[in-house]
Amino acid sequence: MTFVSRAKAIALAPIHALQLATSAKSFLDHPLIGSQRLNRMGLHRARVRIADKMCRWRRRRLARHVRPEWREAFDRDGFVVIENLLPADEFAAMRQAILEHEWPAREMQQGDAITRRIAVDPEMLAAVPALLRLLDRADLNALFHYVASFRTTPLHYIQTIVSKCGEGGADPQQQIHADSFHASMKAWLFLRPVAQEDGPFTYVRGSHRFTPERLDWEQRRSLADPHSIDRLSARGSPRATADDLAQMELPEPEGLALPENTLVVADTGGFHARGAASRPGERVELWSYSRRNPFLPWLGGDLLSLPGLAERRVAWLWAFRDRFEKYLGPSWPKVGKRRPTDD
């Protein structure tokens, strides 16, 4: 280590120490999180256990606001499936308003899949009042809060996933994985039916629970050389094989082929994937996402969830990533105005 790099490491040491109490997760980029010496002493295992304990404590405080049948399904499986979310005529009108309009879009390709995202922003909410009413529903927001373990407003997008669209290799999202070492919420309202051939959302039932077997697996994983494993696992989104699931005494992954007008809300701290599509096609959905510092001891306090701010966060986030792309890595490229189902 050169004098400059040593001086830099010393200067950044207090920041790195403070980041242990955040959602920071990269074994590759963080000298403490990726330290095999510290992890042999139990650092990663302790972070996982404390984050899980805090999550369960927050969920107990939020549980009374959630419909009992939804809460029971989530506690058992790690996800909730709600079919016929909206009356058929209201859903059809909302879908038509979303799909037939052009919106500013961004796209990213991973393997042979292209994902298009369109922000649910003030312009869209003004043009599609039914979508605004849906996202204001108290029962749905109570479920979002419970799964995320925070009273915070998710980021919302219209998302299109085009599968098997040419060269590019395997889609990394088809590997069974957890998003992080702690709970987070994602939701999908399918605007069209999703068959098994289309690559449905896939989940390992019960894998949202940090059992002793899961903690042991997390401990073993933390001792791997981050330079010798796949990049996404090294950056804190661990991939799990069939043998790994067996070691954790978990069932096989289950693809959820579902009709349109179905909402799935899941804890993506559990193991999940985008199912492997066997034919070219596309999934079109309202996609929602919520993740916060897992060590916070309070439920709310998120100023960016306030009305007037919450619906503008996606634009701010994209602008921030564009501005600092040199340091943060590739942003989602703009592709102009598109309909969700344009070629």
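Refer to the structure above for everything that follows.
Residues numbered from 1 in each chain as written. Predicted model: local features only at pLDDT ≥ 70, side-chain atom pairs only at ≥ 80, totals over all residues. Heavy atoms only, no water.

Visitor: Can you walk me through the sheet that holds strand β1 (residues 79-82) in this structure?
Guide: Hydrogen bonds along the backbone pair up the strands of a sheet, which may run parallel or antiparallel. Sheet architecture is open: eight strands sit in the order β1-β8-β5-β10-β4-β3-β2-β11, paired in antiparallel fashion. Only two strands of the sheet have a single partner each, and these edge strands are β1 and β11 (334-338). Each strand axis lies, on average, 25° off the axis of its neighbour in the sheet, ignoring direction. One ladder, built from six bridges, connects strand β2 (residues 103-110) with strand β3 (residues 113-119); its direction is antiparallel. Across the sheet, M108 pairs through a bridge with T115, a residue of β3. (Pairing = 2+ DSSP bridges. Helix = DSSP H or I, 4+ residues; strand = E, 2+ residues; numbered from the N terminus. Axes fitted to C-alpha atoms, helices over the stretch in contact; angles between N-to-C directions.)

Visitor: What should I look at first to understand unusual backbone geometry in this one?
Guide: Leaving glycine aside, a negative phi is the common case for residues, and trans is the common case for peptide bonds. A positive phi angle, close to 70°, is found at S149, a residue other than glycine. Structurally, S149 can be placed in the loop between α8 (138-148) and β4 (155-163). Residue class for S149 comes out buried when judged on its relative accessible area of 1%. (Buried < 20%, exposed > 50% of the residue type's maximum accessible area, 1.4 Å probe, protein only.)

Visitor: Would you explain the pattern of salt bridges in this entry?
Guide: Any two side chains of opposite charge can pair if their charged atoms end up close together. In total, this model carries 22 salt bridges according to the counting rule given. A salt bridge links R205 to D77; the nearest nitrogen and oxygen atoms lie 2.9 Å apart. Of this pair, R205 sits in the loop between β6 (201-203) and α9 (212-222) while D77 sits in helix α4 (residues 68-77), placing them 128 residues apart in sequence. Owing to a relative accessible area of 31%, R205 belongs among the partly exposed residues under this scheme. Taking the shortest distance from any N to any O, the salt bridge between R283 and E285 comes out at 3.1 Å. For the pair R283 and E285, one class covers both residues: buried. What emerges from the salt-bridge pattern is a single network uniting R76, D77, R205 and E254. (Salt bridge = Lys/Arg side-chain N within 4 Å of Asp/Glu carboxyl O.)

Visitor: Hey, could you run me through the nonpolar core in this one?
Guide: Most often, soluble globular proteins keep nonpolar side chains buried together rather than apart. Ranked by internal contacts, the top residues of the largest apolar core, which has 42 residues, are M94, L131 and L134. Per element, the largest residue contribution to this core is seven residues, and it comes from α8. Not counting the four nearest positions on each side in its chain, M94 is found in contact with L86, V128, A130, L131, L134 and L189. Core analysis: the second largest hydrophobic core is formed by 17 residues, Y203, V264, V314 and W318 among them. (Core = buried A, V, L, I, M, F, W, Y, C linked by side-chain atoms within 4.5 Å. Contact = heavy atoms within 4.5 Å.)

Visitor: Help me out: how do you make sense of the packing of aromatic side chains in this one?
Guide: Within the structure shown, the criterion is met by ten aromatic pairs. Here the aromatic rings of Y157 and W287 are separated by 5.5 Å at their centres, their planes lie at 45°, and the arrangement is tilted. Of this pair, Y157 sits in strand β4 while W287 is found in strand β10 (residues 281-290), placing the two residues 130 residues apart along the sequence. Like Y157, the residue W287 is buried in the burial classification. (Phe/Tyr/Trp six-rings, centres within 6.5 Å; stacked < 30°, edge-to-face > 60°.)

Visitor: Please explain the sheet that holds strand β9 (residues 272-274) as it appears in this structure.
Guide: Here three strands make up an open sheet; going across it, the order is β7-β6-β9 and the pairing antiparallel. Across the chains shown, the open sheet's two edge strands, defined by having one partner strand only, are β7 (254-255) and β9. The pairing of β6 with β9 spans three bridges and is classified as antiparallel. Residue Y203 lies in a different strand from β9, and its bridge partner there is H272.

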